[in-house]
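Chains, contacts and geometry: an overview
One letter stands for each residue in the lines below.
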Amino acid sequence: MTITQKIRAQLVICQVAQRNGISPAQCRAAMIEAIQDAWATADPEAKRRQIELVGEDRVPTPEELFLLISRKIS
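Residues numbered from 1 in each chain as written. Predicted model: local features only at pLDDT ≥ 70, side-chain atom pairs only at ≥ 80, totals over all residues. Heavy atoms only, no water.

Take the packing of helix α3 (residues 44-54) against helix α4 (residues 62-73) next. Look at α3 against α4: their axes get within 10 Å of each other, and the N-to-C directions meet at 95 degrees. One finds that α3 runs roughly perpendicular with respect to α4. For the pair α3 and α4, contact is made by E52, L53 and V54 and by L65, L68, I69 and K72, respectively. The residue makeup of the contact of α3 with α4, split by class, is 5 nonpolar, no polar and 2 charged. (Axes fitted to C-alpha atoms, helices over the stretch in contact; angles between N-to-C directions. Helix = DSSP H or I, 4+ residues; strand = E, 2+ residues; numbered from the N terminus. Parallel < 35°, antiparallel > 145°, perpendicular 65-115°, else oblique. Contact = heavy atoms within 4.5 Å. Nonpolar A, V, L, I, M, F, W, Y, C, P; charged D, E, K, R; others polar.)

Here's what the structure looks like:
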């Protein structure tokens, strides 16, 4: 992830936080929790797609997930 991509992802987190009336740190923590919950699924199809998206069996950061998803929809 380039510095520019990381800054863009952090700006998205700040915008989401502002819209929800919370701090960027609170927003990022909520995103981490949601990502971890999603990655804890027992659904084999969901696990397959997660591994396909991330490239290995690990939990991405919010910034990584933004980048990966934006590449998929571009």
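On to helix α2 (residues 24-39). Spanning 16 residues, α2 covers 22 Å between terminal C-alpha atoms, matching the ideal 22 Å at 1.5 Å per step. Looking at α2, one finds that the buried residues are C27, M31, I35 and W39. Taken around the axis of α2, the buried residues stretch over an arc of 105 degrees, which confines them to a single face. Exposed and facing more than 90 degrees away from the buried side of α2 are A25 and D37. (Expected span 1.5 Å × (residues − 1). Buried < 20%, exposed > 50% of the residue type's maximum accessible area, 1.4 Å probe, protein only. Arc of directions from axis to C-beta.)

A separate point is the environment of I51. Note that I51 resides in helix α3. Taking the C-alpha atoms as reference points, I51 and W39, 12 residues apart in sequence, are found 9.7 Å from one another. Ignoring any residue separated from it by four or fewer positions in sequence, one finds I51 in contact with E56 and D57.

Grouped together as the largest cluster of nonpolar side chains are 6 residues: I35, W39, L53, V54, L65 and L68. Breaking this core down by element, the ones donating at least two residues are α2, α3 and α4. (Core = buried A, V, L, I, M, F, W, Y, C linked by side-chain atoms within 4.5 Å.)

Mapped onto the fold, Q15 is located in helix α1 (residues 3-20). According to the relative accessible area criterion, Q15 is partly exposed, its value standing at 43%. With 12 residues separating them along the chain, Q15 and C27 place their C-alpha atoms 9.6 Å apart.

What follows is about the pattern of salt bridges. By the definition in use, this model includes 6 salt bridges. Measuring nitrogen to oxygen at the nearest pair gives 2.9 Å for the salt bridge that ties E63 to R28. One end of the pair, E63, is in helix α4; the other, R28, is in helix α2, and 35 residues separate them in sequence. R28 sits in the partly exposed class, given a relative accessible area of 29%. For E45, the salt bridge identified is with R48, shortest N-O distance 2.6 Å. (Salt bridge = Lys/Arg side-chain N within 4 Å of Asp/Glu carboxyl O.)

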